[in-house]
Amino acid sequence: MSKIVIISSSVRVGRISNRVALYFKKYIEENNLATAEIIDLNEYQFPVFNERLKFQINPSPQTLEFAEKIKTADGVLIVTPEYNGGYPAALKNVTDLLYDEWHRKPTAIATVSNGGFGGTQVITSLQFSLWKMRAWTVPAMFPVPKAQDAFDEQGNATDKAATDKRADAFIKEMLWCIEAAGKMKA
Ligand SMILES: Cc1cc2nc3c(=O)[nH]c(=O)nc-3n(C[C@H](O)[C@H](O)[C@H](O)COP(=O)(O)O)c2cc1C
């Protein structure tokens, strides 16, 4: 079974986008699609890194653990809020930390907003940076507008049928990339 890690990117007090990360974990597990683990940047509370991991003299065990989780994942699902049209500093901090770990990694992006547009503007900057690091960005979108109404704090969707339908298309695209990447490794 494939291993998907879900990066929950917001470290904001009262954050909403973590609900979407919780939803995806449940969705993937309930449907037996892969294993799913949330990497919660709010739990890690990383410092602002002063160098990329491969140049750090004495990296912390948490930093090494984070890198290992990305490296060994078959696919990474990034749940990101949109902050002023871009992605949060906490996410930039950990994406730039790594380089080779991203190479050909199937990486899907779900964007989250409390407004009506679902954070769709954040896609361009995040996708571009991941592409620069040679990640394999999954060509599917999962914008979540009005996230505070769309999910409860446990990650249950208000309209489960409609949300699951969208998740089905999104995760299927990701799983296709994971399967294709696996065939190339074999
Ligand atoms: C610094 C900052 C900038 C924001 N900029 C945008 C924005 O450009 N577009 C948008 O739709 N929402 C914006 N928001 C609102 C977020 O969509 C909202 O906080 C949402 O709940 C997702 O972020 P969260 O997981 O941190 O809660 C911004 C929020 C913050 C804290």
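Refer to the preceding data block for the structure.
As a starting point, this report considers the structure included with it. Treat the numbers as computed from the prediction; the structure is a model and nothing was measured. (Residues numbered from 1 in each chain as written. Predicted model: local features only at pLDDT ≥ 70, side-chain atom pairs only at ≥ 80, totals over all residues. Heavy atoms only, no water.)

Side note on the nonpolar core
Put simply, the test is: In these notes, a set of buried Ala, Val, Leu, Ile, Met, Phe, Trp, Tyr and Cys residues joined through side-chain atoms within 4.5 Å is what counts as a nonpolar core. Working definition: with a 1.4 Å probe on protein chains only, accessible area under 20% of the residue-type maximum means buried, over 50% means exposed, and in between means partly exposed. Runs of H or I in DSSP of at least four residues are treated as helices and runs of E of at least two as strands, each being numbered from the N terminus. Residue contacts are defined here by distance: any two heavy atoms, one from each residue, within 4.5 Å place the two residues in contact.
Core analysis: the largest hydrophobic core is formed by 29 residues, its most contacted members being I4, I6, F24, L77, V79 and F170. Elements that contribute at least two residues to this core include exactly β1 (3-8), α1 (18-30), β3 (75-81), β4 (106-112), β5 (136-144) and α7 (160-185). Here this core takes seven residues from α7, the largest share from any one element. In this view, F24 contacts I6, L77, V79, A110, F142, A167, F170 and I171; residues no more than four positions away in its chain are not counted. Among the nonpolar cores identified, the runner-up in size contains 27 residues, and I7, L53, Y87 and L91 belong to it.

Examining the pattern of salt bridges
Opposite charge on two side chains lets them pair, provided their charged atoms get close. Worth spelling out the cut-off: Any Lys or Arg side-chain nitrogen found within 4 Å of a carboxyl oxygen on Asp or Glu counts as a salt bridge.
Applying the stated rule across the entire model yields 12 salt bridges. In this structure, D168 engages K172 in a salt bridge whose closest nitrogen and oxygen atoms are separated by 3.1 Å. Of this pair, D168 and K172 both sit in helix α7, separated by four residues, roughly a single helical turn. The exposed category is assigned to K172, whose relative accessible area is 52%. Linked by salt bridges that have partners in common, E30, K160 and D164 make up one network.

Examining the packing of aromatic side chains
As a reminder of what qualifies: Between 30 and 60 degrees the pair is tilted, below 30 it is stacked and above 60 it is edge-to-face, where a pair is any two Phe, Tyr or Trp rings, Trp via its six-membered ring, whose centres lie within 6.5 Å.
All chains considered together, the criterion is met by 11 aromatic pairs. Judged by centre distance (5.4 Å) and plane angle (65°), the rings of Y23 and F24 are edge-to-face. The interplanar angle of 10° and the centroid separation of 4.7 Å between the aromatic rings of Y44 and F46 together place this pair among those described as stacked. Each member of the pair, Y44 as well as F46, carries the same accessibility label: buried.

Considering the pairing of strand β2 (residues 35-40)
Heads up, the rule is: The pairing criterion for strands is at least two bridges between them, as found by DSSP. Handedness rule for crossovers: strands pointing away from the viewer, path from the first strand over the helix to the second running clockwise, crossover right-handed.
Pairing analysis gives six bridges linking β1 to β2, with the strands arranged parallel. By the bridge assignment for β2, I4 is matched with A36. The parallel pair β1 and β2, bridged by α1, forms a crossover whose chirality is right-handed.

Side note on the side chain of D40
The cut-off we apply is this: Any pair of N or O atoms that falls within 3.5 Å is considered a polar contact. Within protein, one atom must be able to donate a hydrogen and the other to accept it, and sequence-neighbouring residues count only if both atoms are side-chain atoms.
Relative to the helices and strands, D40 resides in strand β2. Of note is the side chain of D40, whose polar atom sits 2.9 Å from the backbone nitrogen of N42. Residue contacts for D40: discarding those within four places in its chain leaves S8, R15 and N18.

Some details on the pairing of β3
The buried fraction of β3 is high, at seven of seven residues. Every second residue of β3 is oriented toward a common face, with G75, L77, V79 and P81 on one face and V76, I78 and T80 on the other, all of them buried. Inspection of the sheet shows β1 paired to β3 by five bridges, in the parallel sense. Opposite I4, over in β3, you have G75 as the bridge partner. Handedness of the crossover joining β3 and β4 through helix α4 (residues 89-95): right-handed.

Structural notes on helix α5 (residues 122-132)
For clarity, the cut-off: Think of the arc as the fan of directions from the helix axis to the C-beta atoms.
Those residues of α5 not exposed but buried are V122, I123, L126, S129 and L130. Looking straight down α5, one finds that the buried residues subtend no more than 150° of arc, so they occupy a single side. Set apart from the buried face of α5 by more than 90 degrees, the exposed residues are T124, W131 and K132. On its buried face, α5 is in contact with β3, α4, β4 and β5. Of the residues trailing α5, R134 is marked for its positive phi of about 70°.

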